[in-house]
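Letter by letter, the chains look like this.
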Amino acid sequence: MSEMTEWEFLNEVVERADCRIFLDVNNIYVSSRNHDFDPYQHINNIPAERVAQIHIAGHAKFEKYIPDTLDHR
């Protein structure tokens, strides 16, 4: 198991690289549903000043999981 959360890792990378990110909100939502975590906690731990662009796209619903298909609003 990782010692860092995904957002801690992302924050470390953007700080060291001194860059901004393309935040895929739908991907965070899909991952939160598939891996049972709070998407708001994830998003709230990403510094807004490091977000250059936000990506929102659709997903499909299947029996147990939802894939990030990018084919719905």
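Details of the structure are given in the entry above.
Residues numbered from 1 in each chain as written. Predicted model: local features only at pLDDT ≥ 70, side-chain atom pairs only at ≥ 80, totals over all residues. Heavy atoms only, no water.

Asks: So what's going on with the overall build of the protein chain? Residues and values would help.
Replies: When you go through the protein chain residue by residue, the secondary structure sums to three helices and two strands. Taken from the N to the C terminus, the helices and strands of the protein chain come in the order α-β-α-α-β. A buried classification covers 27% of the 73 residues belonging to the protein chain. Within the protein chain, contacts between residues at least 6 apart in sequence are counted, and of these 62% link residues at least 24 apart. When the accessible area of the protein chain is evaluated, it comes to approximately 5800 Å², of which 51% is carbon and sulfur surface. (Helix = DSSP H or I, 4+ residues; strand = E, 2+ residues; numbered from the N terminus. Buried < 20%, exposed > 50% of the residue type's maximum accessible area, 1.4 Å probe, protein only. Contact = heavy atoms within 4.5 Å. Areas by Shrake-Rupley, 256 points an atom, 1.4 Å probe, with all protein chains shown as cover.)

Asks: I'd love a proper account of the pattern of salt bridges, names of residues and values included.
Replies: With the rule as written, the count across this model stands at three salt bridges. The partner of Arg50 in a salt bridge is Glu15, with the nearest N and O atoms 3.2 Å apart. Taken together, the residues Arg50 in the loop between α3 (39-44) and β2 (51-55) and Glu15 in helix α1 (residues 6-17) connect sequence positions 35 residues apart. Put simply, Glu15, Asp18 and Arg50 are held in one network by salt bridges that share partners. (Salt bridge = Lys/Arg side-chain N within 4 Å of Asp/Glu carboxyl O.)

Asks: If you had to explain the environment of Asp24 to someone new, which residues and values would you point to?
Replies: Tracing the backbone shows Asp24 in strand β1 (residues 21-24). For the pair Asp24 and Ile43, spaced 19 residues apart in the sequence, the C-alpha separation amounts to 10.0 Å. Looking at Asp24, its side chain comes within polar contact range of the main-chain nitrogen of Asn26, at 3.4 Å. (Polar contact = N/O pair within 3.5 Å; in protein donor to acceptor, adjacent residues only side chain to side chain.)

Asks: Hey, could you go over unusual backbone geometry for me, with residue numbers and the actual values?
Replies: Of note, the phi angle at Asp18 is positive, near 50°, even though the residue is not glycine. Within the fold, Asp18 resides in the loop between α1 and β1. The exposure class assigned to Asp18 is exposed, which follows from its relative accessible area of 60%.

Asks: So what about the environment of Arg20? Which residues, and what values?
Replies: Its place among the elements puts Arg20 in the loop between α1 and β1. Once the C-alpha coordinates of Arg20 and Gln53 are considered, the two residues, 33 residues apart in sequence, prove to be 8.5 Å apart. Those residues in contact with Arg20 that lie beyond four places of it in its chain are Glu49, Arg50, Val51 and Ala52. In this structure the side chain of Arg20 is engaged in a polar contact, spanning 2.9 Å, whose partner is the backbone oxygen of Val51.

Asks: So what about the nonpolar core? Which residues, and what values?
Replies: Core analysis: the biggest nonpolar cluster contains seven residues, these being Trp7, Val14, Ile21, Leu23, Ile28, Ile46 and Val51. For this core, the secondary structure elements donating two or more residues are α1 and β1. Apart from the residues lying within four places of it in its own chain, the contact partners of Ile28 are Leu23, Phe37, Pro39, His42, Ile43 and Ile46. (Core = buried A, V, L, I, M, F, W, Y, C linked by side-chain atoms within 4.5 Å.)

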